Amino acid sequence: MIPFEISEVIELHELGDDRGLLTVLEQNDSIPFEIKRVFYIYKTLPEIRRGFHAHYKTRQALVCVSGKCKVFLDNATRKKDVLLDSPTKVLILEPNDWHEMYDFSSDCVLLVLASQLYDPQDYIRDYDKFLEVYGK
Ligand code: TYD
């Protein structure tokens, strides 16, 4: 099912004691899909904007485990910008969320969990095609 509402940042629990902090990402709990792939984006220059795509099938969860960045989202109905500036904030991207990441801090490590193996055919990189597939 493709949701109408645009994705929200979800606050994760921080488990802490006098040794430090720990946050959990668990399949079918904070992550609402089976995790098939993990990658991370880092050492992105501050002026760089990347992403510029949506998917047919892939769902993703984004967490800045270090530093911060912003994400522009467009689900063909609504658009918004979100700030990921804490390892306790996760953004779940649905397949129909066109996304662009920008304003990376120099220490940003953006962790991405994905529901599908890497498949270039699952990418929609052309914005007009995105509107054709997901626009009303
Ligand atoms: P790309 O999709 O351009 O990154 P972004 O969406 O952040 O702008 O990916 C960069 C390169 O890495 C590109 O050559 C494809 C490759 N890649 C993989 O091989 N496997 C993966 O899981 C991902 C996400 C990218």
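Residues numbered from 1 in each chain as written. Predicted model: local features only at pLDDT ≥ 70, side-chain atom pairs only at ≥ 80, totals over all residues. Heavy atoms only, no water.

With that out of the way, let us pick up the overall build of the protein chain. When its secondary structure is counted, the protein chain shows one helix and twelve strands. In terms of C-alpha radius of gyration, the protein chain reaches 15 Å, essentially the compact-globule figure of 14 Å for 136 residues. Across its three principal axes, the protein chain shows a C-alpha extent of roughly 55 × 35 × 25 Å. For the protein chain, buried positions account for 41% of its 136 residues. At a minimum sequence separation of 6, the contacts of the protein chain that also span at least 24 residues come to 79%. (Helix = DSSP H or I, 4+ residues; strand = E, 2+ residues; numbered from the N terminus. Rg over C-alpha atoms; globule rule 2.2 N^0.38 Å. Buried < 20%, exposed > 50% of the residue type's maximum accessible area, 1.4 Å probe, protein only. Contact = heavy atoms within 4.5 Å.)

Surrounding the ligand, one finds Arg 37, Phe 39, Ile 41, Arg 50, Gly 51, His 53, Met 101, Tyr 118, Tyr 123 and Arg 125. In this structure, Arg 37 approaches the ligand through a side-chain N or O atom, which is 2.5 Å from an oxygen atom. The contact in question runs from an oxygen atom of the ligand to an N or O atom on the side chain of Arg 50, over 2.8 Å. Here the ligand loses 58% of its free accessible area of 540 Å² to cover by the protein chains. Looking at the shell around the ligand, the elements with two or more residues in it are strand S4 (37-42) and strand S5 (50-55). Taken together, the residues that form the shell around the ligand break down as five nonpolar, two polar and three charged. (Near = heavy atom within 4 Å. Polar contact = N/O pair within 3.5 Å; in protein donor to acceptor, adjacent residues only side chain to side chain. Areas by Shrake-Rupley, 256 points an atom, 1.4 Å probe, with all protein chains shown as cover. Nonpolar A, V, L, I, M, F, W, Y, C, P; charged D, E, K, R; others polar.)

With that settled, consider the pairing of strand S6 (residues 60-66). Counting buried residues in S6 gives five out of seven residues, a clear majority hidden from the surface. Sheet topology places S6 next to strand S9 (residues 89-93); three bridges connect them, and they run antiparallel. In the strand pairing of S9, Ala 61 is matched with Ile 92. Bridging between S6 and strand S11 (residues 109-114) involves six bridges; their strand directions are antiparallel. (Pairing = 2+ DSSP bridges.)

In the Ramachandran plot, Phe 52 falls in the positive-phi region, its phi being about 55° despite a non-glycine side chain. With respect to the helices and strands, the residue Phe 52 is situated in strand S5. According to the relative accessible area criterion, Phe 52 is partly exposed, its value standing at 33%. One non-glycine residue, Asp 103, lies in positive phi territory at about 55°.

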